[in-house]
Each structure stands twice: as structure tokens, then as C-alpha cells.
Amino acid sequence: MNNVLTRIEALNNFFENKNFDNALNVISSIENDYLINLNKQYLDEYLQSQIYKSHILFFKNDSQKALEIALNIKKYLNANKNPDNYFMDLVAIIQVETFSSKLNDALEEFNEGMTFLKLLDIKIFENIKYEISEFLNIVAIYYGEIGNFEKSIEINKECLRLREEGGIKKKIMSSYNNLGRAHKLFGNYEESFYYYEEALRLEKELGNTKIMAITLMNLGMNYDEYGQTEKALDCFNKSLEIFKISDDTSNIAYCYFNIANSYKRINDLTTALEFLSLSNNISEKSDNDLQKMMILFHLLHLH
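Thresholds, definitions, all that
Residues numbered from 1 in each chain as written. Predicted model: local features only at pLDDT ≥ 70, side-chain atom pairs only at ≥ 80, totals over all residues. Heavy atoms only, no water. Helix = DSSP H or I, 4+ residues; strand = E, 2+ residues; numbered from the N terminus. Buried < 20%, exposed > 50% of the residue type's maximum accessible area, 1.4 Å probe, protein only. Areas by Shrake-Rupley, 256 points an atom, 1.4 Å probe, with all protein chains shown as cover. Core = buried A, V, L, I, M, F, W, Y, C linked by side-chain atoms within 4.5 Å. Contact = heavy atoms within 4.5 Å. Axes fitted to C-alpha atoms, helices over the stretch in contact; angles between N-to-C directions. Parallel < 35°, antiparallel > 145°, perpendicular 65-115°, else oblique. Left-handed = near helix turned anticlockwise from the far one by under 90°. Phe/Tyr/Trp six-rings, centres within 6.5 Å; stacked < 30°, edge-to-face > 60°. Nonpolar A, V, L, I, M, F, W, Y, C, P; charged D, E, K, R; others polar. pLDDT = per-residue confidence, 0-100. Salt bridge = Lys/Arg side-chain N within 4 Å of Asp/Glu carboxyl O. 1 Å grid on protein atoms, 1.4 Å probe; cavity = no way out; pocket = protein on both sides within 12 Å on 5 of 7 lines; lining within 4 Å. Points joined across faces, edges and corners; volume = space filled by probe spheres on them.

A. The overall build of the protein chain, seen in detail. Each helix and strand in the protein chain was counted, giving 16 helices and 0 strands. Considering the protein chain as a whole, with its 303 residues, one finds that 48% of them fall into the buried category. Total accessible area on the protein chain stands at roughly 16000 Å², and carbon and sulfur atoms take up 50% of it.

B. The arrangement of the nonpolar core in detail. In terms of nonpolar packing, the biggest core is built from 50 residues, with Leu11, Phe87, Ile132, Phe135 and Val139 touching the most fellow members. Within the residue set of this core, elements represented by two or more residues are α1 (2-16), α2 (20-37), α3 (40-59), α4 (63-79), α5 (86-99), α6 (103-118), α8 (129-145) and α9 (149-166). Dropping the residues within four chain positions of it, Ile132 is found in contact with Phe87, Leu117, Leu120, Phe125 and Leu162. Counting 26 residues, the second-largest nonpolar core is a separate cluster that includes Leu219, Ile252, Phe257 and Leu276.

C. How the structure looks around the packing of α5 against α8. At a minimum axis distance of 8 Å, the contact between α5 and α8 shows a crossing angle of 15°. Comparing their axes, α8 and α5 come out roughly parallel. Here the hand of the crossing between α5 and α8 comes out left-handed. Of the residues in α8, those touching α5 at Phe87, Met88, Leu90, Val91, Ile94, Gln95, Thr98 and Phe99 are Tyr130, Glu131, Ile132, Glu134, Phe135, Ile138, Val139, Ile141, Tyr142 and Glu145.

D. Here's a closer look at the packing of aromatic side chains. Following the criterion strictly, the structure yields 22 aromatic pairs and no others. For the ring pair Phe193 and Tyr223, a centre distance of 4.5 Å and an interplane angle of 20° mean the geometry is stacked. Taken together, the residues span a long stretch of sequence, with Phe193 in helix α11 (residues 189-206) and Tyr223 in helix α12 (residues 209-225) at a distance of 30 residues. The exposure class of Phe193 is buried, given its relative accessible area of 8%.

E. Highlighting the environment of Ala253. On the secondary structure map, Ala253 appears in helix α14 (residues 249-265). Residue classification places Ala253 among the buried residues on the basis of a relative accessible area of 0%.

F. Here's a closer look at the packing of α12 against helix α13 (residues 229-245). The geometry of α12 relative to α13 is characterised by a closest axis approach of 8 Å and an angle of 160° between their N-to-C directions. With respect to each other, α12 and α13 are oriented roughly antiparallel. Handedness of the α12/α13 crossing: left-handed. Here α12 contributes Thr209, Met212, Ala213, Ile214, Leu216, Met217, Leu219, Gly220, Met221, Tyr223 and Asp224 to the contact with α13, which in turn contributes Thr229, Lys231, Ala232, Cys235, Phe236, Lys238, Ser239, Ile242 and Phe243. Of the residues that constitute the contact of α12 with α13, the class distribution is 13 nonpolar, 4 polar and 3 charged.

G. Region of the structure containing the confidence of the model for the protein chain. Here the protein chain shows a mean pLDDT of 85. Residues at 70 or above account for 89%. For residues 295-303, every residue scores under 50 in pLDDT, and the model assigns this stretch 20 contacts once sequence neighbours within four places are set aside.

H. How the structure looks around unusual backbone geometry. You will see that Asp247, though not glycine, has its phi angle at about 55°, which is positive. With respect to the helices and strands, the residue Asp247 is situated in the loop between α13 and α14. Here the phi dihedral of Asn267 falls at roughly 70°; this positive angle occurs in a residue that is not glycine. Structurally, Asn267 is set in the loop between α14 and α15 (269-283).

I. Representation of the pattern of salt bridges in the model. This structure, assessed with the given rule, holds 19 salt bridges. Across the salt bridge formed by Glu68 and Lys65, the nearest N and O atoms sit 3.4 Å from each other. Of this pair, Glu68 and Lys65 both sit in helix α4, 3 residues apart, which is roughly one turn of that helix. With a shortest N-O distance of 2.8 Å, Glu198 and Arg201 are connected by a salt bridge.

J. Layout of the layout of surface pockets. Approximately 160 Å³ is the volume found for the second largest pocket. The wall of the second largest pocket is formed by Glu197, Leu200, Lys204, Met212, Leu216, Leu219, Tyr223, Lys231, Asp234, Cys235, Lys238 and Ile242. Of all the elements in the fold, those that place two or more residues in the lining of the second largest pocket are α11, α12 and α13. It is α13 that provides the largest number of residues to the lining of the second largest pocket, a total of 5 residues. Of the residues belonging to the lining of the second largest pocket, the class tally is 7 nonpolar, no polar and 5 charged.

Structure below.
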């Protein structure tokens, strides 16, 4: 069984680091062992590998195949009353349905999952807290997608509580960012500032500079909308420096665009035009047509 655990751990590491090709190689190895042996020893490992496969196919934009695999796993889990992998499989199903705009289907899966959750024995609940937190996370995203930010905040807080109990800082950081965004969309700027600042604290501790740059940009947009231009510009400039180091041209252009908006908000149109022109020069060389159109529209408006 040690070999089983090692392969799942390797699969999880590849998945977390978005090394999907190596992850798929591990999944292929697990599939071969299970199909050759058809042994119960390999069954749990096989089920987990298929759930990972569904997630990976979703990220690779093969939503139809991802959903097909996840629904097949769900049929087996329902038939065998197996709670161990149930919630991670629901996450795979709901994320595909949510981002494919099949919101009624996603809601049906969510309601089924919540019913199942209420019936769980407390010992089972304690053993699968991580899986339940992942389920609650995707449900919170679902509510954000349909504009019910109050419900999204409520579920995000429960997700955060479980993640804090689990102590996985990367997941806690993600929940802080989710709550920052949900509170901003709900109009709770003070709460949004708090959660984004908490996310930044953990991102610095973990050395996750790319996520830190994105959080700084989100925080800057909050400050800008809240009328605190100086703080907004400070966040945008810090974000810009990080993106310059990694030569992330798309986000460099976006930072310039946000800086231009801040100057425009305080009626410094000359400086706003300067930064918007910088943004436009970079975006013209990219493949992001939506970003090009957005920047060009603002550029023409300022002229």
C-alpha cells in the first residue's frame, strides 16, 4: 500500500504545481495497474486518479470529457455509498457546470452535496474536512457567478474555517483572496481590505510573488474605487515591479491601465494619458484582443 500512497502524493504534487503532463503520466500508470489487476487494492487509488484527471481535463479546456469522467465516478460512489471521494468528485462536476454556464445543473449537484453533508457521521466528517472545504469553495464560487455575494461570503467563511483547522496555508491564502473579492462585489470595502491584506501577509510568508502581485492589483482597485488614490497607486506600482521581473507583459499592461485610471480619477489627464499609452503599446503586441479593445476605448476617450 505504500506504493499506492506514493503515487497519489506524486500526482497531487504535480497537480498543485500545474505540471499536468507528468500528472497524466502517473494517472496512466494507475489506470494500467487497475485495469490489469482489477484488484480492490487499486480501486481507491483509481477513483482518486480519475477525479484528478477530470480536474486536469477541465484546466486543459476539455470540459465535456472532464464532466463525463466525473459523472461516471459519481455513479459508482452513489451506488457504493462511498463518502471518501464523493466531495472531490462533486467539485469536479460543479466547476465544469458552473464555468460552462450550466448553472441549474451545478445547483442540483450542490444541493445533493449539502444534503449528503448533513447526513455525515461526525467521525467521517472529521476525516474528510479537506475534501469538504474544497466542495464548499466551489459552491462559494458558484454563488459568486450568479451574483449572490451574501451567500458566497457565508459559504467562503465556512470554507476558511475548515481550511484554518487543516492548517494548509496555501488554501487559507486562497480563501482570504476569495473573501476579499466577494466582499468587494457586495460593497463591503472595509471587509475586503482586511481579507486582501491577510492574503498578502500569507503570500509574503510563502514567497508566492505572482499571486502577491495579483492581490496587490485587486487591493489597488479597491482603494481606487474607495477614493484612496495614493494607496491605490502604491499597490499598482508594487504589483508592476513584480510583473516586470517575470516579464508578464499582459499584467504589466493591465497595471499601467489601472495606474492611468487612478490618475484619471483625480483629473490628472496628462499623466493618465501617458500611462494609458504605455499600456496600449504593450497590449498591441499581445494576443489578448479583449484587453486591446478595452485599452483602446479608454485611450480614444481620453484623447
